[in-house]
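Residue strings, one per chain:
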Amino acid sequence: MSALLKLSGLIDRINLFVGKLTMWLVLGAVLISAGNAIVRKVFNMSSNALLEIQWYLFAGVFMLGVGYTLLHNAHVRIDFISSRLSKRTNAIIDVLGIIAIIIPLSLILINLSWPLFYKAYVSGEMSQNAGGLVRWPVYLLMPVGFSILLVQSVSELIKRVAFLTGHRNEPFTFNEEKSEEQKLAEELAREAEQVQLKAK
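Definitions and cut-offs
- Residues numbered from 1 in each chain as written.
- Predicted model: local features only at pLDDT ≥ 70, side-chain atom pairs only at ≥ 80, totals over all residues.
- Heavy atoms only, no water.
- Helix = DSSP H or I, 4+ residues; strand = E, 2+ residues; numbered from the N terminus.
- Rg over C-alpha atoms; globule rule 2.2 N^0.38 Å.
- Buried < 20%, exposed > 50% of the residue type's maximum accessible area, 1.4 Å probe, protein only.
- Contact = heavy atoms within 4.5 Å.
- Areas by Shrake-Rupley, 256 points an atom, 1.4 Å probe, with all protein chains shown as cover.
- Lys, Arg positive; Asp, Glu negative; His and termini not counted.
- Charge placed at Lys NZ, Arg CZ, Asp CG, Glu CD.
- Core = buried A, V, L, I, M, F, W, Y, C linked by side-chain atoms within 4.5 Å.
- Polar contact = N/O pair within 3.5 Å; in protein donor to acceptor, adjacent residues only side chain to side chain.
- Axes fitted to C-alpha atoms, helices over the stretch in contact; angles between N-to-C directions.
- Parallel < 35°, antiparallel > 145°, perpendicular 65-115°, else oblique.
- Left-handed = near helix turned anticlockwise from the far one by under 90°.
- Nonpolar A, V, L, I, M, F, W, Y, C, P; charged D, E, K, R; others polar.
- Expected span 1.5 Å × (residues − 1).
- Phe/Tyr/Trp six-rings, centres within 6.5 Å; stacked < 30°, edge-to-face > 60°.

J.: Would you mind going over the overall build of the protein chain with me for this structure?
T.: When helices and strands are counted, the protein chain shows seven helices and zero strands. Scaling as 2.2 N^0.38, a compact globule of 200 residues should have a C-alpha radius of gyration of about 16 Å, whereas the protein chain reaches 22 Å, well beyond that. With the principal axes as the frame, the protein chain shows a C-alpha extent of 70 × 40 × 25 Å. Burial status across the protein chain gives 32% buried among its 200 residues. Relative to all contacts within the protein chain whose residues are 6 or more apart in sequence, the contacts with residues 24 or more apart total 77%. Surface summary for the protein chain: the accessible area is close to 12,700 Å², and the carbon and sulfur share equals 68%. Taken as two groups, the 19 positive and 15 negative side-chain charges of the protein chain have centres that lie 4 Å from each other.

J.: Would you mind showing me how to read the nonpolar core here?
T.: Buried together is how nonpolar side chains tend to be arranged in soluble globular proteins. Counting residues in hydrophobic clusters, the biggest one holds 18 residues, and the most contacted among them are I103, V138, Y139, L141, F146 and L157. Counting residues per element, the ones that place at least two in this core are α2 (48-64), α5 (87-123) and α6 (136-164). With eight residues, the top contributor of residues to this core is α6. Setting aside residues no more than four positions away along its own chain, I103 makes contact with I98, L150, S153, V154 and L157.

J.: I would appreciate a short explanation of the side chain of N15 in the present structure.
T.: Summarising the element assignment, N15 is placed in helix α1 (residues 2-43). At 2.7 Å, the side chain of N15 and the side chain of Q152 are in polar contact. Discounting chain neighbours no more than four positions away, the residues touching N15 are G67, Y68, I148 and Q152.

J.: I keep staring at the environment of I99 and nothing clicks. Help me out?
T.: For I99, the location among the structural elements is in helix α5. Along the backbone, I99 and W136 are 37 residues apart, and their C-alpha atoms lie at a distance of 31 Å. Setting aside its immediate chain neighbours within four residues, I99 contacts P104 and L157.

J.: Teacher, can you tell me more about the packing of α2 against α6 here?
T.: Any two packed helices are characterised by the angle at which their axes cross and by the distance between the axes. Here α2 crosses α6 at 10°, and the two axes come no closer than 8 Å. It follows from the interaxial angle that α2 and α6 lie roughly parallel. In terms of crossing hand, the pair formed by α2 and α6 is right-handed. Side by side, α2 and α6 meet where W55, Y56, A59, G60, M63 and L64 of the first sit next to V138, L141, M142, V144, G145, F146 and I148 of the second. Taken together, the residues that form the contact of α2 with α6 break down as 11 nonpolar, two polar and no charged.

J.: What exactly am I supposed to notice about α2 here?
T.: It helps to recall that an α-helix has 3.6 residues per turn; residues three or four apart then point in one direction. For α2, which comprises 17 residues, the first-to-last C-alpha distance of 24 Å matches the rise-based estimate of 24 Å (1.5 Å per residue) to within 8%. Considered for burial, the residues of α2 that qualify are A49, E52, Q54, Y56, L57, G60, M63 and L64.

J.: Explain the environment of G65 here, please?
T.: With respect to the helices and strands, the residue G65 is situated in the loop between α2 and α3 (66-71). Residue classification places G65 among the buried positions, given a relative accessible area of 10%. Taking C-alpha positions, G65 is 8.6 Å from I148, a pair spaced 83 residues apart along the chain. In this view, G65 contacts T22 and G60; residues no more than four positions away in its chain are not counted.

J.: So what exactly am I meant to see when it comes to the packing of aromatic side chains here?
T.: Within a pair of aromatic rings, the relevant descriptors are the distance that separates the centres and the angle that separates the planes. Per the stated rule, a full pass over the model turns up six aromatic pairs. Between Y121 and W136, the ring centres sit 5.2 Å apart and the planes meet at 90°, which makes this aromatic pair edge-to-face. Residue Y121 is located in helix α5, and its partner W136 is located in helix α6; the two are separated by 15 residues in the primary sequence. Judged by relative accessible area, which is 28%, W136 ranks as partly exposed. Among the aromatic residues, ring-to-ring pairing joins W114, F117, Y121 and W136 into one connected group.

Everything listed here is a matter of geometry and, on its own, says nothing about what the molecule does.
As structure tokens, this is what we get:
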């Protein structure tokens, strides 16, 4: 298990680095968007390439940042339910979800998106818009993004199994401060319990 945990740590460090680099894509998209808007208003001109690079960057944020999101346990959960369950129960649910959903889905989408990228790369597919960009870089984001998700899901699976078998104290690498929604869900759960106790 120690070798697997070392592998998990390596995957986590890589996705932490990729996630921090991905954050710069947000700044790039904002600057390009603002610059394009200013040029359009002041000089009454625009560029399809600048418009398209914005959604390339936007796609990059989501596809390359997916492993970082999973690493930080920041993906969507039903907090009202998960906050009422024990860490062990949540870890079991995570293991089942990773094995039954995330890993198969990632493999299917890598398999489906790679030929799309390869065909666009070989053919030199370009945007249909005048002055638009070559398409293969944005198509490449799909298999790369789902590969990142696949590798990070393996890391998360290792951590959950290590927690369940007593080789780790926590199921997650990062325990983020609870969001306002999580705090509200926990408060509602406590109030519901109090109402049930009073009813008895």
